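Coordinate analysis (summary)
Take a look at the letters that make up each chain.
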Amino acid sequence: MMKIQPFAILALALLALFPQGITAEIYTTGAAEMAGTLSLSADEASWFKTLNMFGQLTAFPLAAWLSYRIGYRALFRLGAGIGLICALISSLWMSSAPQMIAWFGHGVSASFLLLFAHAIVLRNLGYRAIAFVEGVMLLSVVLIPLSIYPYFLSHLAENNLWHWSFAVQVVPFIGMLYWARFGHWPCPDERQKIRFNFLQAALLSGFICGVTYLLLRGERFNWFRDPEIVELTLLTLVIGAAAIIAMRRRWGKGEYLRFKALASPHGKVGMLDAAVAGFVIMGTTILVSTYVTQVMHYSHEHLGELEMIGFAGMIGGLIIALIATCNPKRNPENVIPAGVSIMLLACALLAGSNAHSGVSDLWPALLLKGLAVGILNITLTVHILRSFPKHQVAEGITWFYLFRNFGSLLAITEFSRLMYIETVGSVSKLAENYNASSETFVLHQQMTADLLQQGMINPSPEQIALLLSGQLKTQAMSVAGVNNFQWIIFSIILLVPIMVIAMKWANNQPHYKDNESEVH
């Protein structure tokens, strides 16, 4: 019998997760630079993110099936091989078509390696070891990419060197392939002869792509008034219903993604918690990024410096989460209300800021936000994933990340749309005073002209109008940003009772027994 080696498993998992954190952040910090290099518009460049998410979400169920069919070692090798090819394409070919294909491949590789990393930990380690190892893994794949990577990647993007972020990934991918072929494997590997269910795979993949498109691309349309969006929404709902029925009634020959992991009450509540955590964390991250870059006019490099303030809070959250999850006598759910309360306080502080706030005004809120992210992200991830039986780990990880990513996508869509609506409303309201008959406007116009003259500039009407329109835009964005922070506070207050009620319901249900054997 093979002896389990925890440190080797940790090293293998960290190696698998390292490239994903870079790819996840490079678009956020360098989208404009990528579009310029490849001669794309901002809307065309946004397809990088969309295709990457297509690859991630459609590959998770496939990764779960492959983990049974070919084993985790072969899955690791396959994910590393795809990642290496796509990293070479993204770093060497500066044309749009290869880059689009590569970004889809980055998503596929990330899902294969993410499922592999979690699975080898959850299947082979004990209760406390899982907490510590998962904590270190999440530090490398979530906390550091959210706080440290933006600063360094923004430097590369602003110097038009964003492709070097992919060149860096070549080395760990080669290391993975070498380990998979020649290195010592620290845990046992198993394979099962199961048949691939093409019907279920096609329906589920179609539903995932439809929802992803609606949430990522649909924010650019006027919902329920654009015929294409309405038709796609109805088609997606039909495909989704067919996919659920097909998987539950086992239509088609073979298997794809099993429902067994969602059978228990705690499994259902865990998916709700995953979606809520993804929504809250992504929502606050987007709002902070939008407020700092568009309202305060900070560069992505300065935004990266601000995010590093939150890293200290994340480390504190990581410590609290480890204390809550490493002892079997403690209930990790008890720290979740504390994390939610801290996030509410951080959002309240951000909602009270204004366009002239600086680092001295923002750092307490960013520190608290980082603390809340550390608590919620790590506690919920460890607690939910560890609750699945070992023979359901692959599908449990898949369902968890599907729900979590859909929660994140919902936050992107909701707050992007709300930002647009709030900005339009604010411009319309503020513009009422920007007319020649308004004394406020005349006074503001004269003050702007005097300031320009003091700077040895002879102002023209066009220059004054341009400055006034810029000030109007900043004021409108500031109002919209603060209103959006109030919206997320309202959303959190609405979601917290739902989470609490669901947890109490699950805890009061009879203990769920799964007699399914390890081998199907």
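In this report, the structure presented in the accompanying data block is examined.

Topologically, Leu376 is positioned in helix 14 (residues 359-386). On the accessibility criterion, Leu376 (6% relative accessible area) is buried. Setting aside anything within four residues of it in sequence, one finds Leu376 in contact with Ile336, Gly339, Val340 and Thr381.

Another aspect to go through is the pattern of salt bridges. All chains considered together, the criterion is met by two salt bridges. Notably, a salt bridge pairs Glu190 with Arg123, separated by 3.7 Å at the nearest N-O pair. Of this pair, Glu190 sits in the loop between helix 8 (170-182) and helix 9 (198-216) while Arg123 sits in helix 4 (residues 96-124), placing them 67 residues apart in sequence. Given a relative accessible area of 40%, Glu190 falls into the partly exposed group. We note a salt bridge from Arg258 to Glu255, for which the minimum N-O separation is 2.6 Å. For Glu255, a relative accessible area of 30% gives the class partly exposed.

Glancing now at a positive patch on the surface. On the surface, Arg69, Arg77, Arg181, Arg191 and Lys193 cluster together into a patch of positive charge. Here Arg77 lies in helix 3 (residues 72-92). Of the residues examined, Arg77 reaches a relative accessible area of 35% and is grouped as partly exposed.

This part covers empty space enclosed by the protein. As enumerated under the stated definition, the model contains three cavities of 30 Å³ or more in all. The volume enclosed by the largest cavity comes to roughly 120 Å³. Surrounding the largest cavity, 13 residues form its lining, Pro19, Gln20, Thr23, His106 and Ala110 being those nearest its centre. Sorting the residues of the lining of the largest cavity by element identifies helix 1 (6-37), helix 2 (42-69) and helix 4 as the ones contributing at least two each. Broken down by element, the lining of the largest cavity gets its largest block of residues, five residues, from helix 1. Counted by class, the lining of the largest cavity contains six nonpolar, seven polar and no charged residues. As for the second largest cavity, its lining consists of Val276, Ala277, Val280, Ile336, Val340, Leu376, Leu380 and Met499. The set of elements that each furnish at least two residues to the lining of the second largest cavity consists of helix 11 (265-295), helix 13 (336-351) and helix 14.

The next point concerns the packing of aromatic side chains. Tallying each qualifying case throughout the model produces 15 aromatic pairs. Arranged with centres 4.8 Å apart and planes meeting at 75°, the rings of Phe196 and Phe198 form a pair that is edge-to-face. What makes Phe198 exposed here is its relative accessible area of 65%. A centroid spacing of 6.3 Å and a plane angle of 50° characterise the contact between Trp399 and Phe403, whose relative ring orientation is tilted.

For the rest of this paragraph, the subject is the environment of Tyr149. Within the secondary structure layout, Tyr149 lies in helix 6 (residues 149-158). In this structure Tyr149 comes out as buried when scored by relative accessible area, which is 15%. Measuring from C-alpha to C-alpha, the distance between Tyr149 and Thr29 comes to 9.4 Å, with 120 residues separating the pair along the chain.

Attention shifts here to the packing of helix 2 against helix 3. Packed helices, taken two at a time, are described by the angle between their axes plus the distance between the axes. For the pair helix 2 and helix 3, interaxial distance at closest approach is 7 Å and the crossing angle is 135°. The orientation of helix 2 relative to helix 3 falls into the category oblique. Along the contact surface, helix 2 presents Ala63, Leu66 and Ser67, while helix 3 presents Tyr72, Leu75 and Leu78. Taken together, the residues that form the contact of helix 2 with helix 3 break down as five nonpolar, one polar and no charged.

This part takes up the side chain of Arg386. Its place among the elements puts Arg386 in helix 14. For Arg386, which is buried and forms no salt bridge, the nearest opposite charge comes from Glu134, at a distance of 9.2 Å. What Arg386 contacts, discounting residues up to four positions off in sequence, is Leu122, Tyr127, Ile130, Ala131, Thr325 and Pro332.

Reading the values: rules and limits
The residue numbering used here restarts from 1 in each chain and proceeds along that chain's sequence as written. At least 70 in pLDDT is required for a residue's local features to be given in this predicted model, at least 80 for side-chain atom pairs to be given and counted, and no such filter applies to totals for whole chains, interfaces and linings, which use all residues. Side-chain measures here rest on the full set of heavy atoms in the structure, leaving out hydrogens and waters. Elements are defined by DSSP. Helices are runs of H or I of four residues or more, strands are runs of E of two residues or more, and each kind is numbered from the N terminus. Think of it in three bands: residues with accessible area under 20% of the maximum for their type are buried, residues over 50% are exposed, and the middle band is partly exposed, with areas taken using a 1.4 Å probe on protein chains only. In this analysis, two residues are considered to be in contact whenever any of their non-hydrogen atoms come within 4.5 Å of each other. Salt bridge, as used here: a side-chain nitrogen of Lys or Arg that lies within 4 Å of a carboxyl oxygen of Asp or Glu. A patch consists of residues whose relative accessible area exceeds 30% and which take part in no salt bridge; residues with like charges are grouped when within 9 Å of each other, and nonpolar side chains (Val, Leu, Ile, Met, Phe, Trp, Tyr) when within 5 Å. Note on areas: Shrake-Rupley, 1.4 Å probe, and residue coverage restricted to the protein chains presented here. Positive charge is attributed to Lys and Arg, negative charge to Asp and Glu, and no charge count is given to His or to the chain ends. Where a charge lies is defined by one atom per residue type: Lys uses NZ, Arg uses CZ, Asp uses CG and Glu uses CD. Think of a 1 Å grid over just the protein atoms. A cavity is a set of points where a 1.4 Å probe fits yet cannot get out, a pocket is an open set with protein on both sides within 12 Å along at least five of seven lines, and lining residues have an atom within 4 Å of a point. Grid points are joined across faces, edges and corners, and a volume is the space filled by probe spheres set on the points. By the convention adopted, Pro, Cys, Tyr, Trp, Phe, Met, Ile, Leu, Val and Ala count as nonpolar, Lys, Arg, Asp and Glu as charged, and the other residues, Gly among them, as polar. Classification of ring pairs uses Phe, Tyr and Trp, with its six-membered ring standing for Trp, and accepts pairs whose centres are within 6.5 Å; under 30 degrees between planes counts as stacked, over 60 as edge-to-face, and the remaining range as tilted. For helices, the fitted line uses only the C-alpha atoms of the stretch in contact; every axis is such a line through C-alpha atoms, and the angle between N-to-C directions lies from 0 to 180 degrees. Roughly parallel here means an angle under 35 degrees, roughly antiparallel means over 145, roughly perpendicular means 65 to 115, and every remaining angle is called oblique.

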